Amino acid sequence: MNIIIVGAGEIGRHLATSLAKEAHRISLIESDKELAQELEAVLDAKVIHGDGTSVSDLADADVGECELFLSMSSSNTTNMMAASMAKSMGVPKVVSRVHPSLQREEWLFDFRGHFGIDHIFSSERLTAIELAKFVRNPDSLVVEELARGRIELQQILVSPASQAVQTKLRDLGAPQGVRIAMITRGGESHVPQADSTIEEGDLVTVFGEPRKLRGFAEKLQGKRKGADKLRVVIFGGNEYGFSLAQMLESIDCTVRVFERDAEICASLADRLTNATIIHGDATVSAELEEEQIGEADFFISTSTDDEDNVMSCLQAHTLGVKNCLTIIHRADYAAAISASGHHFGIRAAISPREATRREIQRFITTDSHHILKKFDNVDLIELRVGKGSIAAGHMVKEIQWPPGTVLVGKLRGLHADVPGPEEVLLGGDHLYAMVSREARKSFLKLLAA
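Position numbers for residues count from 1 along each chain, tracking the sequence in the order it is written. Given that the model is predicted, a residue must reach a pLDDT of at least 70 before its local features are reported, and side-chain atom pairs must reach 80 or more before they are shown or counted; all residues, however, enter totals for whole chains, interfaces and linings. Values shown for side chains rest on all heavy atoms present in the structure; no hydrogens or waters enter the calculation.

**Details of the packing of aromatic side chains**
Just so we agree on the cut-off: A pair of Phe, Tyr and Trp rings is counted when the ring centres sit within 6.5 Å of each other, with Trp represented by its six-membered ring. The angle between the planes then sorts it: under 30 degrees is stacked, over 60 is edge-to-face, the rest tilted. Each helix is a run of DSSP H or I of at least 4 residues and each strand a run of E of at least 2, with the numbering of both proceeding from the N terminus. By the criterion adopted, a ring carries a charge over it if an Arg CZ or a Lys NZ lies within 6 Å of its centre and within 35 degrees of its normal.
By the definition in use, this model includes two aromatic pairs. Aromatic pair Trp401 and Phe443: ring centres 6.0 Å apart, planes at 35 degrees, arrangement tilted. Of the two residues, Trp401 is situated in the loop between strand E21 (378-384) and strand E22 (405-412) and Phe443 in helix H15 (residues 440-447); the sequence distance between them amounts to 42 residues. Over the ring of Phe242 we find Arg271, and its NZ or CZ is 3.8 Å from the ring centre. Over the face of the ring belonging to Tyr333 we find Arg330, whose NZ or CZ atom lies 4.1 Å from the ring centre.

**A word on helix H8 (residues 210-221)**
Put simply, the test is: The span you would expect from a helix comes to 1.5 Å times its residue count less one. Only heavy atoms matter for contacts: two residues are in contact if any of them lie within 4.5 Å across the pair.
For H8, which comprises 12 residues, the first-to-last C-alpha distance of 16 Å matches the rise-based estimate of 16 Å (1.5 Å per residue) to within 8%. In the core, the buried residues of H8 are packed alongside helix H7 (123-136), strand E8 (151-157), strand E10 (179-185), strand E13 (203-208) and strand E14 (230-235). Positive phi shows up at Gly222, right after H8, with a value of about 75 degrees.

**Digging into a nonpolar patch on the surface**
Put simply, the test is: Nonpolar side chains (Val, Leu, Ile, Met, Phe, Trp, Tyr) are joined into patches within 5 Å and like charges within 9 Å, using only residues with over 30% relative accessible area and no salt bridge. The Shrake-Rupley method, run with a 1.4 Å probe sphere, supplies the accessible areas, and residue values consider only the shown protein chains as cover. Within this document, salt bridges are pairs made up of a side-chain nitrogen of Lys or Arg and a carboxyl oxygen of Asp or Glu, the two lying within 4 Å of each other. The classification of residues rests on relative accessible area computed with a 1.4 Å probe and restricted to protein chains. Under 20% of the type maximum is buried, over 50% is exposed, and intermediate values are partly exposed.
On the surface, Trp107, Leu108 and Phe109 cluster together to form a nonpolar patch covering roughly 360 Å² of accessible area. With respect to the secondary-structure elements, Trp107 resides in the loop between helix H5 (100-103) and helix H6 (111-115). Judged by its relative accessible area of 56%, Trp107 is exposed.

**With respect to the sheet that holds strand E16 (residues 275-279)**
Definition in use: DSSP bridges decide pairing: two strands pair if at least two such bridges lie between them. Where helices are involved, their axes are fitted lines through C-alpha atoms of the stretch in contact, as for all axes, and angles between N-to-C directions lie from 0 to 180°.
Taken in spatial order, the six strands of this open sheet run E16-E15-E14-E17-E18-E19, and their pairing is parallel. At either end of the open sheet lies a strand with only one pairing partner, and these are E16 and strand E19 (346-350). Here the average twist between neighbouring strands, direction ignored, is 20 degrees. In terms of strand pairing, strand E15 (residues 253-259) meets E16 through five bridges, oriented parallel. Following the sheet pairing, Glu259 is matched in E16 by His279. Most of the contacts of H7 go to E19, to which it runs at about 160 degrees, and overall it touches E14, strand E17 (298-301), strand E18 (323-327) and E19. Across the sheet, helix H10 (residues 262-271) touches E15 and E16, and the angle it forms with E16 is around 170 degrees.

**Things to note about the sheet that holds E21**
Strand order in the open sheet made by the five strands is E20-E21-E24-E22-E23, with antiparallel pairing throughout. Strand pairing shows two members of the sheet lacking a second neighbour, strand E20 (369-374) and strand E23 (415-417), which therefore form its edges. Here the strands of the sheet are splayed against their neighbours by 20 degrees on average, with no regard to which way each runs. Bridge count between E22 and strand E24 (residues 430-436): six bridges; the pairing is antiparallel. Directly across from Thr405, in E24, lies its bridge partner Val435.

**As for the packing of helix H1 (residues 10-21) against helix H14 (residues 352-361)**
Definition in use: Between 65 and 115 degrees an angle is taken as roughly perpendicular, under 35 as roughly parallel, over 145 as roughly antiparallel, and anywhere else as oblique. The hand of a helix crossing depends on one turn: near helix anticlockwise from the far one by less than a right angle means left-handed, and clockwise means right-handed.
With their axes 9 Å apart at the nearest point, H1 and H14 run at an angle of 55 degrees to one another. Taken together, H1 and H14 sit at an angle that is classed as oblique. Considering how the two elements wind past one another, H1 and H14 form a crossing that is right-handed. Taking contact as the criterion, the partners of Glu10, Ile11, His14, Leu15 and Ser18 in H1 are, on H14, Pro352, Arg353, Glu354, Thr356, Arg357 and Ile360.

**Overview of the nonpolar core**
Definition in use: For this analysis, a nonpolar core means a set of buried residues of the types Ala, Val, Leu, Ile, Met, Phe, Trp, Tyr and Cys, connected via side-chain atoms within 4.5 Å.
Val135, Val232, Ile234, Leu244, Leu248, Val255 and Ile300 are the most contacted members of the largest nonpolar core, which totals 27 residues. Contributing elements (two or more residues each) for this core: H7, E14, helix H9 (239-248), E15, E17, E18 and E19. Looking at this core, the element that brings in the most residues is H9, giving six residues. Those residues in contact with Ile234 that sit more than four places away from it in its chain are Gly241, Leu244, Ala245, Leu248, Val255, Arg256, Val257, Phe258, Ile300 and Thr302. One finds Leu28, Ala36, Leu39 and Leu43 within the second-largest nonpolar core, a separate group that totals 26 residues.

**Side note on H15**
To keep it simple, the criterion reads: Taking the helix axis as origin, the arc is that swept by the directions to the C-beta atoms.
Among all positions of H15, only Phe443, Leu444, Leu446 and Leu447 are buried. On an axial view of H15, the arc spanned by its buried residues comes to 155 degrees, and they lie on one face. Seen from the buried face of H15, the exposed residues on the opposite side, beyond 90 degrees, are Lys441 and Lys445. Of the surrounding elements, those touching the buried residues of H15 are E20, E21, E22 and E24.

Here you go:
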C-alpha cells in the first residue's frame, strides 16, 4: 500500500518503522532537516525534508499514487490542513492526529466533515481509553470503544448467580440502546436471535452507551446493583491523566489525581467536577502512605517519565494496591513490562505509540469496510452506507438483513447511537455491525452504493 506520513515525531517515526517492515511503500515528510537526514539513513522509506502543507512537497511524495495519508505532526493546524489538501488531491483515505482538546470539541463542530477527513484521533485519548478499559468493568474480559467513544463493547461472563440464566433475549429487559450481539458457548460463537437463551458460563458480547452498560453488565454477572465504588488514583495531571480522569468521571468510581505542578492542579480543579486533586509527588512513598493509597483499587501512572511511572507503580503495589497500570512511551519496553510486570504488581503497560499503531492498522486495507475486531466466526465491521445502496432511505426493520447480522452502532455527523428498528438509514451513515462470516457478503451487498 502507498502511504504518506507527515511528521516524524515519536508517533510518526514509530508508524513509519512498523509499516515499512510490513512491505508498504512509505513516504515521510518531516520539517526538521537534521531529523529528516537521520531518518533517511535508517528507515526503508522515502524521506522528504519539507512541509506537509506544501503542494510541491506533497507532489514530491507522490500524493497522486497515495492510498492512505497520515498527518502525525504535533500541530493541529498542519495536520488538519495537510489531510484536507490530500483529500482534495484525490487520496481515498486520510487520517489526522489532533490534540485531545480539539477532539473533545467534536460534539460542537464536525471537524471531519468540514475538512473532508476520514478519521481524527488523539494519541493521548487513545492511551487513556486503553487504560480506562481495565477500570470501567474490571470483570469484563474485553472492552472496546467505537463511534467516537459513545458506544462501548464489553464481553461478560455469565455467572451462576445471574438473573439472566435461562432467560430469552426478548425477555431480558436490556436498556434501550443496549444490544447483545454475540454469545460464545462451549468455544463456539454465534450471533443470537430474539428467542436465544442465556446460559450459565456464556461469554456474552454487549454493545451500548457506557453509562447504560455498567448496570446491565452487573445483572449478567450476578452482582449486587450499586456495588461499592471503585477507588482510582492517577499519577500525572497531563493530557493523558486528565483525559483518563474525565472518562472515569462518567462511571461510578472515585478519582484522585496526584500532580506536582501547582498551576496544573488549579487547572484540573476547574475542569474536573468529581475528582480530588492532590498537589504532591506520587514517586515519594511517604506521600502515598499519607493519602492511604494502599486502599485504592487501581493506581495508574500517566506521567511523561517512564522511570517515574514504573517506580510509582512498584511503591503503590508495595503499599497494597492490587491493580497497577502505567504508560510506557517506548513500545518495546511496554511490551516487556506487560508480559512480566505482574510479577511486581503491574497489570498492564500501555504505549501511546503502539495504541496509535493499532488505531491506524484498521485503515490498512483496500476494502470498502474495516474489520475492527475479529472473533470466532464473527467480525465487528465498520462501513459507510452507500448513497445508492439498497439500505439507504429505509428503516432498519424494512431491510432483509441476512441471518447472523446485528447492528450495534450508527454514527451520523456528531450523533452516535445503537440504531433501533424504526430508525431510517441514510447514505453516508457510518454503521457498526457484528456479522458472521457466512453473512458478510450479503450484508456488504445491502450497503454498497
